[in-house]
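Residues per chain are reported as follows:
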Amino acid sequence: MLARLKAPQWAGLSLIGGLVIFPYVIAMLTGQPVDSGVPKFWQGMLIQVFILAVFAMSYDILMGYTGILSFGHALFFGTGAYTIGILLKHAGWDLGSAFVAVIVIAIVQSLIVGLLSLRVSGVYFAMVTLAFAQMFFLLAEATDFRQWTGAEDGLQSIPVPAWISPTTERLRFYYLALGFAIAMYLVARQIVNSPTGRVMMAIRDNEVRAKVLGYNTLIFKLIAITVSGIMAALAGALNALWNLNANPAVLSVATTINALLMTIIGGVGSLIGPMLGAGVIQLLGYWLNVLFGPSWPLLFGIVYILIVLFLPYGIVGTWRLRGTSWLEQWRRRWQELTVRS
Amino acid sequence: MSDVLLEVEHIHTFIGQFHILEGVSLKVRAGSITALLGRNGAGKTTTLRSIMGLNPPRSGQIRLAGEPIHGKPAYAIAQLGVGYVPEHRAIFRDLTVEENLRLAERRRGDLRRRSDFIMTLFPDLKRFYRHPGGKLSGGQQQMLAIARALVADNRLLLIDEPSEGLAPIIVEQIMAALRQMATETTILLVEQNFAMAAQLADEYYILDDGRNVQHGRMADLIHDHATINRYLGAG
Amino acid sequence: MIEWIKYRRGLIIGIGAIILFAYWATTTYEPRVLASILLSGLTLGALYFLVTSGLSLIFGLMDVLNFAHGTLFMIGAYVGFTLYANPRLLLNTVPFVIAVVAGWLLAGWLPVKRIRTPGWLFWIGAVIVAMMAVWGFELAPLATTALSSGGRIPTEQAQAPTAIFVIRTLGLAVAGLIAGIAFLVGKEHAQQPLSAKLLVPLGMLTLALIIAPIRLSAEGWLLSLNSNTRFLLALLVGASSGAALGGLMEWSLIRPLYSRPIYQVLVTLGLVFVGTELVKAIWGPGGYFMELPEWFSRRGPGCPSPNLIAWLQDNCASIDVLGRPFPSYRVFIIALGLVMFIGTAILLQRTRLGMIIRAGVQDSEMVQALGINVRRVFTLVFALGAGLAALGGVAAAPFLGISPGLGQEFQLQAFIAVVIGGMGSFTGAALGALLVGLSRAFGDQIVLTGIQLPWMSEAMSFSPSIARASTVLIMALVLLLRPAGLFGKKE
């Protein structure tokens, strides 16, 4: 059974395995207990990576698989965060029902935004989705709803059930977030490999041809938006639980740019790429922050532009283009070395 | 034997990943009308666009009066005296007839100098001088597209399917104009309407699937029914 | 007839809606209230127009949707404000920029073709030299104005001594030169012949060096100018810096990506981020308020001015409109918008450049085939649009204040205006801007006084954010009825 697995699957399984034992490895290396100090800090770091990985992956279902450029993805992420926050804090719902509500609201929202925005295409679509996201950003900041949203301060101290409290039960939250990311990845892979996913890719490659072949492209684009919207909303909800708050920033353009950045760095048109991108961005952001202090977002923006200019296919895309020839080169060099010696 | 004005040598042109021209060559003599023939999709339009620099060839050479022009941007090629009349009468629909012509000026006063010649060729344009190009009939738009290439001093005109979709009487008018123009300039003509090409051209080249198949004097081709049927559909 | 109605459906619906709205407005508000709402709407509309027109022109001509257009608006506001209130910041930084550009241009005269060293080494060298040149340069004391934080640092203490400044300037010129070489290495290019053209970079370098010793006196001179003159200078400098930035942006970031249009948009979105962070880094995250020039600020006896003609004489801060005072500066904004609208319309309709732009909107390839260098026109139009936006930014500064969030706010409203008006249509852009401006003004009024529906015991009032957000709903409505916008053409 195991022998039949291919190399990428091996890589995937060992990555998951590595992440499962990661907290204990760090604990062993530092000699600190697994639920405090450095291990706890790094668990937090990776929890953030897992959440953002799902967010980025959901973005790539739109951009990389269906060819839809949305600049309003923060809308879903932020609404998910606010929904769960408001339901837990003000409505006193339990966690399970709140998550169901997040999904339902995400579906309704994706369908409305999708139906309106899909009346235009290309960069228009980007522009219109940005406008919708900005509308929710403004509403989140509006003082009128202060009692529910907390206006510009955001929704503070969301009551997260004690058994997954990110402060006291960090390790449990870590495995929850890891499981969430793996589950979402499997769902996404199921979708993009299904007939529906193939139609999405056909739309990306040539929408007119997909139409001529008899597909109602609007329906498939709506499906893509809804799937992506649900995933983003779930990631946003988990993010709210993790941070114990939801503030207007989760609805801002910066959040969308973040998703874009992770997707492009990782590689457009793959599922694993954006997830890797999330890891790179989170760690890079951390180091830039340590090194350059408050001016790190500026550097971040410059790095982003340089990547768009010079590394448009991202890590995974560049690897797919050049990887085999690089491997070949390295193997030849290695052979030369071994033969000579 | 007159001089060769335009020389295309083994050009390979790609559109996206598609290899459209696979080594097309041709020579156009100064003062002649040369027809470029072939079926739909044979690469005729792409050949003109390659010469014009709109789809630059990836390899091969193009020389205008001995000077290499491949790799130059389209505007620089135009400035060397190449006029382009694209297919589908791509005039500027929101601009008036006058503006369409004025835009083609390369030096101040070009239009004033050439106005009489253009207006005798196409009297209709004078009548609609201040109307938007989009309001003209198909034939008038074609006349405007040709006239636009006559405003500046062009040594070579690349004309793509001037008779496409036009009534026979308009086609007659355009043919007369082309014949008149040929007295002072050189024309490379792409034409589906073989009867028209046969009457106008001195020489011909036939393309098929992005390759040269045959070339020679038009007078010889007219009697070669086998070739006409094979490469040009029903003659 | 039916064809005509079908073709003009959007227009008819629009006019119908306007008539209905006008009926509602005239029966709801008394004339003087209505007049000030309309004027406020026109003010906002004029500002939106300055952003929207460039956005729409750029999109129409080169299919680039510039998400950073609002950022250019904001940068214009900051630069204009700085010239107006704190010129030493500009005097101590602009020479650096000029020096870099001069160095870059000078590289064209060097025999770069003979260089075999790879380009990236030069890039690294340029970065290192530039970092050495600005090592220890302190921006914060220069950026501090009397307005922003307690007390003002005297200029002598804030700025570096002339010798150090000159060294920095020369260092940056060298960095620019190295970067210019890096850019040219391995490219097909002709070495520039020795001609009068060489005077341009040399002149720029001289200018940068001349500013060094006269920084203090130049600052004194600028600040001693009458506030009206300074204001006009601010408009001019703000707009031209925006134009320069826009041109640079097109040339450096947009032009290499014409074959990858999606990435163009991604780059402009990144520039929103960079621009905002850059502004925060230089001017701080807080906001500023720009004082009104004397023309628009007199108060006291005889004010408000009874009418526009009288205002020319007495320069009151407000003008009487049907018995209600209306700020005279806003009238200026309306006039500025109108002048720019007419100016741009004349440029488009009556000049050769305008003819090229209109033709290029339809088919830029054919324009190219007529012997016109369209790429140069692209850069020019980008600069023009950016300049208009930056001009709007300077004009908005005394009215709305300046903050790093200013750009996104205007970007959003400009997008909405563009969707409503129809992309690529200049008239559409202008009318869309006007509509959004007016609806914002009415929205502000409505949320302020509140909505009282028949079954409500008391009116429901909201914050202005709701009015801002609600313009998105208008956009949604237009999208439903006519996706191409009121004046856009169907694809």
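Just so you know, these numbers come straight off a predicted model, no measurement behind them.

Observations regarding the overall build of chain B
Right, so step 1: Along the backbone of chain B there are 10 helices and 10 strands.
Right, so step 2: Over its C-alpha atoms, taken along the principal directions, chain B stretches across nearly 45 × 40 × 35 Å.
Right, so step 3: Taking all 235 residues of chain B together, the buried fraction comes to 43%.
Right, so step 4: Long-range contacts, defined as pairs at least 24 residues apart, comprise 68% of the intrachain contacts of chain B with a sequence gap of at least 6.

Description of the overall build of chain C
Right, so step 1: A count of helices and strands for chain C gives 20 helices and two strands.
Right, so step 2: For chain C, the C-alpha radius of gyration of 25 Å lies close to 23 Å, the compact-globule estimate for 491 residues.
Right, so step 3: Dimensions of chain C, computed from the C-alpha atoms along their principal axes, are close to 80 × 60 × 40 Å.
Right, so step 4: Across the 491 residues of chain C, 50% fall into the buried class.
Right, so step 5: Of the contacts formed within chain C by residues at least 6 apart in sequence, a portion of 79% connects residues at least 24 apart.

Quick notes on unusual backbone geometry
Right, so step 1: Positive phi, normally seen in glycine, also occurs at B:Glu161, with a value near 50°.
Right, so step 2: For B:Glu161, the position within the fold is in the loop between β7 (156–160) and α7 (168–182).
Right, so step 3: With 21 C-beta atoms packed within 10 Å, B:Glu161 lands in the buried category.
Right, so step 4: Although it is not a glycine, C:Leu322 adopts a positive phi angle of roughly 50°.

With respect to the nonpolar core
Right, so step 1: In terms of nonpolar packing, the biggest core is built from 289 residues, with A:Ala131, B:Leu158 and B:Leu189 touching the most fellow members.
Right, so step 2: The residues contacting A:Ala131, other than those within four sequence positions of it, are C:Leu412, C:Phe415, C:Ile416, C:Val472 and C:Met475.
Right, so step 3: Formed by 30 residues, the second largest nonpolar core is a distinct cluster that contains C:Ile98, C:Ala107, C:Val129 and C:Ala133.

Side note on the sheet that holds strand β9 (residues 203–208) of chain B
All names here are of chain B.
Right, so step 1: Across the sheet, six strands lie side by side as β6-β7-β8-β3-β9-β10; this open sheet has mixed pairing. Two strands close off the open sheet at either side, each with one partner strand: β6 (82–85) and β10 (211–217). Pairs of neighbouring strands in the sheet enclose a mean axial angle of 15°, with direction left out of account.

Things to note about the interface of chain C and chain A
Right, so step 1: Between chain C and chain A, the residue contacts involve 35 residues of the former and 35 residues of the latter.
Right, so step 2: Secondary-structure elements contributing two or more residues to the side of chain C that touches chain A are α13 (261–283), α18 (406–421) and α20 (464–481) of chain C.
Right, so step 3: Looking at the side of chain C that touches chain A, its residues break down into 28 nonpolar, four polar and three charged.

Re the packing of helix α10 (residues 162–184) of chain C against helix α11 (residues 199–224) of chain C
Residue and element names in this part refer to chain C.
Right, so step 1: The N-to-C vectors of α10 and α11 enclose an angle of 160°; their axes lie 9 Å apart at closest approach. Between α10 and α11, the interaxial angle falls into the category roughly antiparallel. Considering how the two elements wind past one another, α10 and α11 form a crossing that is right-handed. In this structure, α10 uses Thr-162, Phe-165, Val-166, Thr-169 and Ala-173 to contact α11, whose residues at the interface are Leu-205, Ala-208, Leu-209, Ala-212 and Pro-213.
Right, so step 2: Grouping the amino acids of the contact of α10 with α11 by side-chain chemistry returns eight nonpolar, two polar and no charged.

What about the interface of chain C and chain B?
Right, so step 1: Across the contact, 15 residues belong to chain C and 19 residues belong to chain B.
Right, so step 2: For the side of chain C that touches chain B, the element with the highest residue contribution is helix α16 (residues 352–369) of chain C, accounting for 10 residues.
Right, so step 3: Its residues assigned to classes, the side of chain C that touches chain B shows eight nonpolar, four polar and three charged.

As for the confidence of the model for chain C
Right, so step 1: With 96% of its residues at a pLDDT of 70 or more, chain C shows a mean pLDDT of 86.
Right, so step 2: Predicted as a complex, the structure gets a pTM of 0.86 and an ipTM equal to 0.88.

Comments concerning the arrangement of the chains
Right, so step 1: Looking across the two pairs of chains in contact, one finds the most contacts between chains A and C.
Right, so step 2: The two units chain A and chain B remain apart, with a minimum C-alpha distance of 13 Å.

Quick look at the sheet that holds strand β2 (residues 18–29) of chain B
Right, so step 1: Spatially, four strands are ordered β2-β1-β4-β5 (chain B) in an open sheet, and the strand pairing comes out antiparallel. If you trace the sheet from one side to the other, it starts and ends with β2 and β5 (67–68) of chain B, each paired once.

Notes on the pairing of strand β1 (residues 4–15) of chain B
The side chains of a regular strand alternate, residue by residue, between the two faces of the sheet.
All names here are of chain B.
Right, so step 1: Relative to β2, β1 runs antiparallel, the two being bridged by nine bridges. Bridge pairing links Leu-6 to Val-28 in β2.
Right, so step 2: Following β1, the chain reverses through two residues before pairing antiparallel with β2; Gly-16 in that reversal takes a positive phi of roughly 60°.
Right, so step 3: For β1 and strand β4 (residues 59–64), the ladder comprises five bridges, and the chain directions are antiparallel. Considered in β4, the bridge of Glu-9 is made with Gln-61.

Observations regarding the environment of C:Ala281
Right, so step 1: Among the secondary structure elements, C:Ala281 is positioned in helix α13.
Right, so step 2: Residues C:Ala281 and C:Gln157 lie 124 residues apart in sequence; the distance between their C-alpha atoms is 21 Å.
Right, so step 3: Residues contacting C:Ala281, with those up to four places away along its chain left out, are A:Ser295 and A:Leu298.

Considering the pairing of β10(B)
All names here are of chain B.
Right, so step 1: In this structure, β9 lies alongside β10, joined through six bridges in antiparallel fashion. Residue pairing for β10: Glu-203 is matched across the bridge by Arg-217.
Right, so step 2: Taken together, β9 and the strand that follows it, β10, pair antiparallel across an intervening segment of two residues, in which Asp-209 is found at a positive phi of about 55°.

Thoughts on the environment of B:Val82
Residue and element names in this part refer to chain B.
Right, so step 1: Secondary-structure assignment places Val-82 in strand β6.
Right, so step 2: With 26 C-beta atoms counted inside 10 Å, the residue Val-82 sits in the buried group.
Right, so step 3: Distance from Val-82 to Arg-155, taken between C-alpha atoms, is 6.1 Å for residues 73 residues apart in sequence.

Here's the deal with the packing of helix α11 (residues 253–266) of chain A against helix α12 (residues 272–292) of chain A
Each pair of packed helices can be summarised by the angle the axes make with each other and by the distance between the axes.
Residue and element names in this part refer to chain A.
Right, so step 1: Contact geometry for α11 and α12: axes closest at 7 Å, N-to-C directions at 110°. What the angle tells us is that α11 and α12 run roughly perpendicular. For α11 against α12, the interelement crossing comes out right-handed. Between α11, through Leu-261, Met-262, Thr-263, Ile-265 and Gly-266, and α12, the contact on the second element is made entirely by Gly-273, Pro-274, Met-275, Leu-276, Gly-277, Ala-278, Val-280 and Ile-281.
Right, so step 2: Split into classes, the residues belonging to the contact of α11 with α12 amount to nine nonpolar, four polar and no charged.

What counts and what doesn't
- Residues numbered from 1 in each chain as written.
- Chains lettered and ligands numbered in written order.
- Predicted model: local features only at pLDDT ≥ 70, side-chain atom pairs only at ≥ 80, totals over all residues.
- Helix = DSSP H or I, 4+ residues; strand = E, 2+ residues; numbered from the N terminus.
- Buried ≥ 20, exposed ≤ 12 C-beta atoms within 10 Å, placed from the backbone.
- Contact = placed C-beta atoms within 7 Å.
- Rg over C-alpha atoms; globule rule 2.2 N^0.38 Å.
- Core = buried A, V, L, I, M, F, W, Y, C linked by C-beta atoms within 7 Å.
- Pairing = 2+ DSSP bridges.
- Axes fitted to C-alpha atoms, helices over the stretch in contact; angles between N-to-C directions.
- Nonpolar A, V, L, I, M, F, W, Y, C, P; charged D, E, K, R; others polar.
- Parallel < 35°, antiparallel > 145°, perpendicular 65-115°, else oblique.
- Left-handed = near helix turned anticlockwise from the far one by under 90°.
- pLDDT = per-residue confidence, 0-100.

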